[in-house]
Amino acid sequence: MSFAARVDARAGEALVVFNDLRGVLRELEIDARAASNNELRAEFRGDAQYEPIKVRFTFPEGCGVVAIEGLLLSLDGDPSEELRLALNFLNQELLGLKLYIQGDSERSDVVISASLLPSVDASPALHPREVQQALMALCAHKAIFASPLERVQGGHSWRFVRDAMKALK
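Note that the structure is a prediction, hence the values are computed from the model and not measured.

**Examining helix α2 (residues 81–93)**
Three or four residues apart is the spacing at which side chains of an α-helix point the same way, because the helix has 3.6 residues per turn.
Next, step 1: If you check α2, its first and last C-alpha atoms are 19 Å apart, about what 13 residues at 1.5 Å a residue would give, namely 18 Å.
Next, step 2: Taken together, the buried positions of α2 are Leu83, Ala86, Leu87, Phe89, Leu90 and Asn91.
Next, step 3: Tucked into the core, α2 has its buried residues touching β4 (67–76), β5 (97–103), β6 (107–115), α3 (128–153) and α4 (159–168).

**A word on the sheet that holds strand β2 (residues 39–44)**
Next, step 1: Pairing within the open sheet is antiparallel, and its six strands lie in the order β1-β2-β3-β4-β6-β5. Of all the strands in the sheet, the pair left with one neighbour each is β1 (32–36) and β5. Strand-to-strand, the axes of this sheet are offset by a mean angle of 30°, without reference to chain direction.
Next, step 2: Relative to β4, strand β3 (residues 53–58) runs antiparallel, the two sharing three bridges. What sits directly across from Val55, in β4, is Gly70.
Next, step 3: The sheet strands contacting α2 are β4, β5 and β6, and the helix crosses β5 at an angle near 155°.
Next, step 4: Relative to the sheet, α3 contacts β2, β3, β4, β5 and β6, its axis offset from that of β4 by approximately 20°.

**A word on α3**
Next, step 1: Between the first and last C-alpha of α3 there are 36 Å, a value that for 26 residues agrees with the 38 Å anticipated at 1.5 Å per step.
Next, step 2: Looking one or two places after α3, you find Gly155, whose phi comes out positive at around 115°.

**Concerning the packing of aromatic side chains**
Next, step 1: Enumeration over the complete set of coordinates arrives at one aromatic pair.
Next, step 2: Between the aromatic rings of Phe89 and Trp158, the centroid separation amounts to 5.3 Å while the plane-to-plane angle is 55°, which identifies the pairing as tilted. Taken together, the residues span a long stretch of sequence, with Phe89 in helix α2 and Trp158 in the loop between α3 and α4 at a distance of 69 residues. With respect to burial, Phe89 and Trp158 carry one shared label: buried.

**As for the packing of α2 against α4**
Next, step 1: Put simply, α2 and α4 touch, their axes get as near as 9 Å, and they point 25° apart. Judged by the inter-axis angle, α2 sits roughly parallel to α4. Our pair here, α2 against α4, has a crossing hand that is right-handed. Along its contact with α2, which presents Ala86, Phe89, Leu90 and Glu93, the element α4 presents Val161, Arg162 and Met165.
Next, step 2: Its residues assigned to classes, the contact of α2 with α4 comprises five nonpolar, no polar and two charged.

**Topic: the pairing of β3**
Next, step 1: Of all six residues making up β3, five are buried, and the element is well covered by its neighbours.
Next, step 2: Taken together, the six bridges between β2 and β3 define a ladder with antiparallel strand orientation. Within β3, the residue paired with Leu40 across the bridge is Phe57.

**Comments concerning the nonpolar core**
Next, step 1: Counting residues in hydrophobic clusters, the biggest one holds 46 residues, and the most contacted among them are Phe57, Leu90, Leu99, Val110, Val131 and Leu149.
Next, step 2: With ten residues, the top contributor of residues to this core is α3.
Next, step 3: For Leu149, the contacting residues outside a window of four places in its chain are Leu72, Leu73, Leu83, Ala86, Leu87, Leu90, Leu99, Val110 and Val161.

**Topic: the pattern of salt bridges**
Next, step 1: Enumeration according to the criterion identifies four salt bridges in this entry.
Next, step 2: For the salt bridge of Arg45 with Glu43, the shortest nitrogen-to-oxygen distance reads 3.6 Å.
Next, step 3: Arg45 sits in the exposed class, given a relative accessible area of 60%.
Next, step 4: By relative accessible area, Glu43 is classed as partly exposed at 39%.

Reading the values: the criteria
Residues numbered from 1 in each chain as written. Predicted model: local features only at pLDDT ≥ 70, side-chain atom pairs only at ≥ 80, totals over all residues. Heavy atoms only, no water. Helix = DSSP H or I, 4+ residues; strand = E, 2+ residues; numbered from the N terminus. Expected span 1.5 Å × (residues − 1). Buried < 20%, exposed > 50% of the residue type's maximum accessible area, 1.4 Å probe, protein only. Contact = heavy atoms within 4.5 Å. Pairing = 2+ DSSP bridges. Axes fitted to C-alpha atoms, helices over the stretch in contact; angles between N-to-C directions. Phe/Tyr/Trp six-rings, centres within 6.5 Å; stacked < 30°, edge-to-face > 60°. Parallel < 35°, antiparallel > 145°, perpendicular 65-115°, else oblique. Left-handed = near helix turned anticlockwise from the far one by under 90°. Nonpolar A, V, L, I, M, F, W, Y, C, P; charged D, E, K, R; others polar. Core = buried A, V, L, I, M, F, W, Y, C linked by side-chain atoms within 4.5 Å. Salt bridge = Lys/Arg side-chain N within 4 Å of Asp/Glu carboxyl O.

Right, here's the structure in full:
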């Protein structure tokens, strides 16, 4: 699973945030692996009703965590126009969450990100409850939207996604 870094705001020094987040994840009993010196990866298991979600915490150079990114689904081949329409709809409707596509013509991933520190200039203090809530939101949205998005990619109407959105509200 590959990710593209999304940097929307500064969030303190990367090493401080990195260490704060590792402490929070340890407190939440989440096993996170350092994929590099500016990235943590984990598989989060929320409630039993939700599938686990693979997540990535990024620490771009000179910045801290900006978003938690999770893999919603992987696709073979190019995403359909219907899928792009469905993702645009969700991005307008879901506050605090963004969905995007990355990959190439052979394989694409649909990724969802949740802002953890939307506009913090100083070194933040991360709270376990906030991190857990963001991770639970990603798991919930994977459970709600992964199947409708796969159907849209398979040629069905994007209205399946709109129906899932109505069920969420």
